[in-house]
Amino acid sequence: MRYHKLKAGECPGTYVVTEPVTEQDLLRIANQIARKRLAKGSAITSTTEAAERLQTLLQEREHEVFGALFLDSQHRVLAFEELFRGTLDSASIYPREVVKRALLLNCGAIIAVHNHPSGDPEPSQSDRVFTQALKEALALVDIRLLDHLVVGAEGVVSLKERGLL
């Protein structure tokens, strides 16, 4: 990782602070680390692992963002992309566009994710309805929807773990 206020420590994966850091610096650093951990080819072995990485990227957004973690058939990352951006409490999301991008990347599975800027990750009724529509659209082209994560500052909710997928 490269950041002007850090230098590599003596042990791999450690860093030494070279000057004072602010909260904003820490968030930027955390985002860099989370993006690095979602690099192409890294394996996603659990929903919890994906949730930790994605929460760091999306929890502080002031507007709703819908993204997808595109995975190959072995659940290795092909790409993470933010596909739609909305307002404070909603975003227009189109399953057709998600399917189009998934086919272009030749993926075998997807983990959908979006944030709730309010901080409360509780899925709304429209989140539940959209998840089913996306699952059905992806199934038509043999792509599995592994989970839909709703991210907030207060935590992450997995629609799969709730039995809604």
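Residues numbered from 1 in each chain as written. Predicted model: local features only at pLDDT ≥ 70, side-chain atom pairs only at ≥ 80, totals over all residues. Heavy atoms only, no water.

A. Spatial organisation of the confidence of the model for the protein chain. Averaged over all residues, the pLDDT of the protein chain equals 86, while 92% of them reach at least 70. By mean pLDDT, helix 1 (residues 23-37) is the weakest element of the protein chain at 69, and helix 3 (residues 95-105) is the strongest at 96. (pLDDT = per-residue confidence, 0-100. Helix = DSSP H or I, 4+ residues; strand = E, 2+ residues; numbered from the N terminus.)

B. Highlighting the pattern of salt bridges. For the coordinates displayed, the defined rule picks out 5 salt bridges. Residue Arg-101 pairs with Glu-81 through a salt bridge whose shortest N-O separation is 2.6 Å. Here Glu-81 lies in strand 4 (residues 77-85) and Arg-101 lies in helix 3, a separation of 20 residues in the sequence. Salt bridges sharing partners connect three or more residues here, namely Arg-96, Glu-97 and Lys-100. (Salt bridge = Lys/Arg side-chain N within 4 Å of Asp/Glu carboxyl O.)

C. Fine view of the sheet that holds strand 4. Pairing is mixed in the open sheet, where 5 strands are placed in the order 4-3-5-6-7. Of all the strands in the sheet, the pair left with one neighbour each is strand 4 and strand 7 (155-158). The sheet shows a mean angle of 20 degrees between the axes of neighbouring strands, direction not considered. Of the pairings in the sheet, the one linking strand 5 (residues 109-115) to strand 6 (residues 144-152) comprises 7 bridges and is parallel in character. Pairing of Asn-115 across the sheet is with Val-151, part of strand 6. Its contacts with the sheet put helix 3 on strand 3 (65-71), strand 4 and strand 5, and the angle it makes with strand 4 is roughly 155 degrees. (Pairing = 2+ DSSP bridges. Axes fitted to C-alpha atoms, helices over the stretch in contact; angles between N-to-C directions. Contact = heavy atoms within 4.5 Å.)

D. Molecular detail of the packing of helix 3 against helix 4 (residues 125-139). Remark: helix 3 packs on helix 4, axes separated minimally by 9 Å, with the N-to-C direction vectors making an angle of 40 degrees. With respect to each other, helix 3 and helix 4 are oriented oblique. At the point where helix 3 passes helix 4, the crossing takes the right-handed sense. The residues of helix 4 that touch helix 3, namely those facing Pro-95, Val-98, Val-99 and Ala-102, are Phe-130, Ala-133, Leu-134, Ala-137 and Leu-138. (Parallel < 35°, antiparallel > 145°, perpendicular 65-115°, else oblique. Left-handed = near helix turned anticlockwise from the far one by under 90°.)

E. Geometry of a nonpolar patch on the surface. There is a patch of nonpolar side chains on the surface, built from Val-17, Val-21 and Leu-26 and spanning about 240 Å² of accessible area. Relative to the helices and strands, Val-17 is located in strand 2 (residues 15-17). (Patch = residues over 30% accessible without salt bridge, like charges linked within 9 Å, V, L, I, M, F, W, Y side chains within 5 Å. Areas by Shrake-Rupley, 256 points an atom, 1.4 Å probe, with all protein chains shown as cover.)

F. Representation of the environment of Thr-131. Positionally, Thr-131 belongs in helix 4. For Thr-131, a relative accessible area of 0% translates into the label buried. A sequence separation of 33 residues divides Thr-131 from Leu-164, and the C-alpha atoms of the two residues are 8.3 Å apart. With near-sequence residues (within four places) excluded, Thr-131 lies in contact with Leu-145, His-148, Leu-159, Leu-164 and Leu-165. (Buried < 20%, exposed > 50% of the residue type's maximum accessible area, 1.4 Å probe, protein only.)

G. Fine view of the pairing of strand 3. Burial runs high along strand 3: 7 of the 7 residues are buried. Burial along strand 3 is two-sided: Val-65, Gly-67, Leu-69 and Leu-71 and Phe-66, Ala-68 and Phe-70, pointing in opposite directions, are all buried. Pairing of strand 3 with strand 4 involves 7 bridges; the strand directions are antiparallel. Within strand 4, the residue paired with Phe-70 across the bridge is Ala-79. Hairpin geometry of strand 3 and strand 4 is characterised by an intervening segment of 5 residues between the two adjacent antiparallel strands and by a positive phi of about 65 degrees at His-75. Direction of pairing for strand 3 relative to strand 5: antiparallel, over a ladder of 6 bridges. When the bridges of strand 5 are listed, Ala-68 appears paired with Ala-112.

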